[in-house]
Amino acid sequence: MLDRPTAELERIVAGEVLGPDDPGYDAARTVWNGRFDSRPAVIVRAGSPDDVRAVVGFARTTGTALTVKGNGHSYAGVSAADGGILLDLRPMAAISVDAAARVVSVEPGATWGEVDAATQAHGLATPGGTVSSVGVSGLSLGGGEGWLQRVHGLTIDNLRAVEVVTAAGDVVRAAEDEHADLFWALRGGGGNFGIVTRFEYGLHAVGPELLAGQVLYPGSRAAEVLRAYRDYFITAPPEATGYAFFLRIPPIDAFPTSLHGQLVIDLVLCYVGPIGDGERALAPLRGLGDPIADTVGPVPFVGLQQAFDAGVGPGNRWYTRGSMFDELTDPAIDALVGGLEPFPGEFTLVYLGPGGGAVGRIPTDGTAYPHRTAAFSLHVWPGWVDAAADASIMGWARALHGAVQPHANGGVYVNLLAEDEADRVPAAFGPNYERLTRLKAAWDPGNLFRHNHNIPPAG
């Protein structure tokens, strides 16, 4: 284990090298999930692929544990660890848009908010997530679920090529026509196969305004509204998407005091296309009768991407459980609704999202991400402040997740795994898991890249 920044690291990298006593160390080690407070022995703030390559070589030859941080937005806290080297990619955040070719090149430290701002200046976008502060690296390497997925596919479906530093210390380009096996594994395999130093995404004409907003119904109508939501998305056009959120109404002036703290079901809807078409397409979910509020209207795409930012800020305590469903049956809905109370945590969310559309047009084995045929996904996402509540709130999340498992298909999106779910890693990759272990053996036989939801090398 390293006890302090070494002269060798300071000699071989151009970026900052920080030890525990250096200014900037605490800021560089801090991650989004406040449950994790790791203290690396040394932090290298990489400024270039050469820095990344040098650190990888040093870690491999010295046997030093290596952790990689893009923007630190991991539910499981895998962006930092005690001891060893933390390679911080945030300084590498350059973005270059070729509007004519409809391509954007992005370094790994950028956030989706920064990418959206750069591409929307040209009326273009590539599928990202639903929170603008999330970094591009983790979301992209895990798959990339978000607002545009039903019409334009997952983030990985729009990935044209990557520049990646391998465990051997080589800098290679991976694409369909070059190192195609590595490119396949990087599209959904998480951070197991190398450190990407540049992503190249295809772009689509999106916005600058979309029809989007929230339709809130009382929690007492949860089962009824979820059934309508399910039935709608079985046949909905791919331009339509939406999440069915459960939350407690926050104590803000936008809602009457009498509603504060009440559990509601919040349909957050979006239509990626002409506003008029969206009005007609989303009408069934807006017309279920007597909503608490309906804010659906034309909004900037960047505004939609930032809509959840305030409620999922850094420093709170977060936990996670995810599931996939081939069919959202009535018993599954009843189990979910029946397990919601006591719904603890000031920032807790539970939500369902639809599959289908462009996501399902790619075969299960087309990329490492395998969940192409899932009809719906579920995320149990408690958020709170008081560490003393950890056990009770995390126990509630596990119980709710357990209640719906008899109706789920066993799969899980790798980016939604918690730190205590190593046993579910094979389920995150389904029938692609064995191929991924073989590719791990080919590209990282020593499992240098293991501080993640790890795929061990075959053999």
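So, a few notes on the structure that sits alongside this text. (Residues numbered from 1 in each chain as written. Predicted model: local features only at pLDDT ≥ 70, side-chain atom pairs only at ≥ 80, totals over all residues. Heavy atoms only, no water.)

Quick look at the side chain of Thr 67 now. One can find Thr 67 in strand S3 (residues 66–69). Excluding its chain neighbours within four sequence positions, the residues that come into contact with Thr 67 are Val 78, Ser 79, Ala 80, Ala 81, Ile 85, Leu 86, Leu 87 and His 451. (Helix = DSSP H or I, 4+ residues; strand = E, 2+ residues; numbered from the N terminus. Contact = heavy atoms within 4.5 Å.)

The next subject is the pattern of salt bridges. Under the counting rule described, the total for this entry stands at 28 salt bridges. Between Glu 341 and Arg 248 there is a salt bridge, with its nearest N and O atoms 3.0 Å apart. You can see Glu 341 sitting in the loop between helix H11 (330–338) and strand S19 (349–354) and its partner Arg 248 sitting in strand S13 (residues 240–248), a full 93 residues away along the chain. Residues joined by salt bridges that share partners form a network here, namely Arg 227, Arg 230, Asp 231, Asp 330 and Asp 334. (Salt bridge = Lys/Arg side-chain N within 4 Å of Asp/Glu carboxyl O.)

With that settled, consider the sheet that holds strand S8 (residues 159–165). Here we have five strands laid out as an open sheet, ordered S5-S6-S10-S8-S9, and antiparallel in their pairing. The open sheet terminates on both sides in strands that have one partner only, identified here as strand S5 (95–98) and strand S9 (171–175). In this sheet, neighbouring strand axes are inclined to one another by 15° on average, regardless of whether the strands run parallel or antiparallel. Where strand S6 (residues 103–106) lies against strand S10 (residues 195–202), four bridges are found, and the strand directions are antiparallel. Following the sheet pairing, Val 106 is matched in S10 by Phe 199. Along the sheet, helix H3 (residues 49–62) contacts S8, S9 and S10; its crossing angle with S8, the most-contacted strand, is approximately 50°. Across the sheet, helix H4 (residues 112–120) touches S5, S6 and S10, and the angle it forms with S5 is around 30°. (Pairing = 2+ DSSP bridges. Axes fitted to C-alpha atoms, helices over the stretch in contact; angles between N-to-C directions.)

This part covers unusual backbone geometry. Backbone torsion omega between Gly 207 and Pro 208 reads 10°, so that peptide bond is classified as cis. Looking at where Pro 208 falls in the secondary structure, it is placed in the loop between strand S11 (204–205) and strand S12 (209–218). For His 179, which is not glycine, the phi torsion reads 50° and is therefore positive. Positionally, His 179 belongs in the loop between S9 and helix H7 (180–186). Taking relative accessible area as the criterion, His 179 reaches 34% and is therefore assigned partly exposed. (Buried < 20%, exposed > 50% of the residue type's maximum accessible area, 1.4 Å probe, protein only.)

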